[in-house]
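Below, each chain spelled out in residue letters.
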Amino acid sequence: MGELLSKIWYFLAILPFLIFIEASNKWGNFLKKKNIYNHWDIWHAYLLLLIVIFIIFWINGYRF
């Protein structure tokens, strides 16, 4: 039972976080290689994610 719970925890919490970090690193490397923006880091990715979530909630009628 404990192994099943640890796998569920991994798939729901840890794996998406690791995928998000890896995608942010790849996006930052792409931006640096094309000389678009040289200072991309994980905090920019978090801010972008929060803005996207805010827009989705706002469009669906959720008022803050």
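These numbers come from a predicted model, not from an experiment. (Residues numbered from 1 in each chain as written. Predicted model: local features only at pLDDT ≥ 70, side-chain atom pairs only at ≥ 80, totals over all residues. Heavy atoms only, no water.)

Q: So, the environment of Lys32: which residues are in play, and what are the values?
A: Within the fold, Lys32 resides in helix α1 (residues 2-33). In this view, Lys32 contacts Tyr37, Asn38 and Trp40; residues no more than four positions away in its chain are not counted. (Helix = DSSP H or I, 4+ residues; strand = E, 2+ residues; numbered from the N terminus. Contact = heavy atoms within 4.5 Å.)

Q: Account for the packing of aromatic side chains, naming residues and giving values.
A: Inspection of every chain in the model, using the stated rule, returns five aromatic pairs. Measuring from centroid to centroid gives 5.6 Å for Trp43 and Tyr46, while their planes differ by 65°, and the two rings are edge-to-face. Pair noted here: Trp43 and Tyr46 are both in helix α2 (residues 42-59), with a separation of three residues, about one helical turn. Judged by its relative accessible area of 62%, Trp43 is exposed. Overall, Tyr46 belongs to the partly exposed group, its relative accessible area being 24%. Members of the aromatic cluster, each reached through a chain of ring pairs, are Phe20, Trp43 and Tyr46. (Phe/Tyr/Trp six-rings, centres within 6.5 Å; stacked < 30°, edge-to-face > 60°. Buried < 20%, exposed > 50% of the residue type's maximum accessible area, 1.4 Å probe, protein only.)

Q: Describe the side chain of Ser24, naming the residues involved and giving the relevant values.
A: Turning to its location among the elements, Ser24 is positioned in helix α1. The buried category is assigned to Ser24, whose relative accessible area is 6%. Setting aside its immediate chain neighbours within four residues, Ser24 contacts Trp40, Asp41, Ile42 and Ala45.

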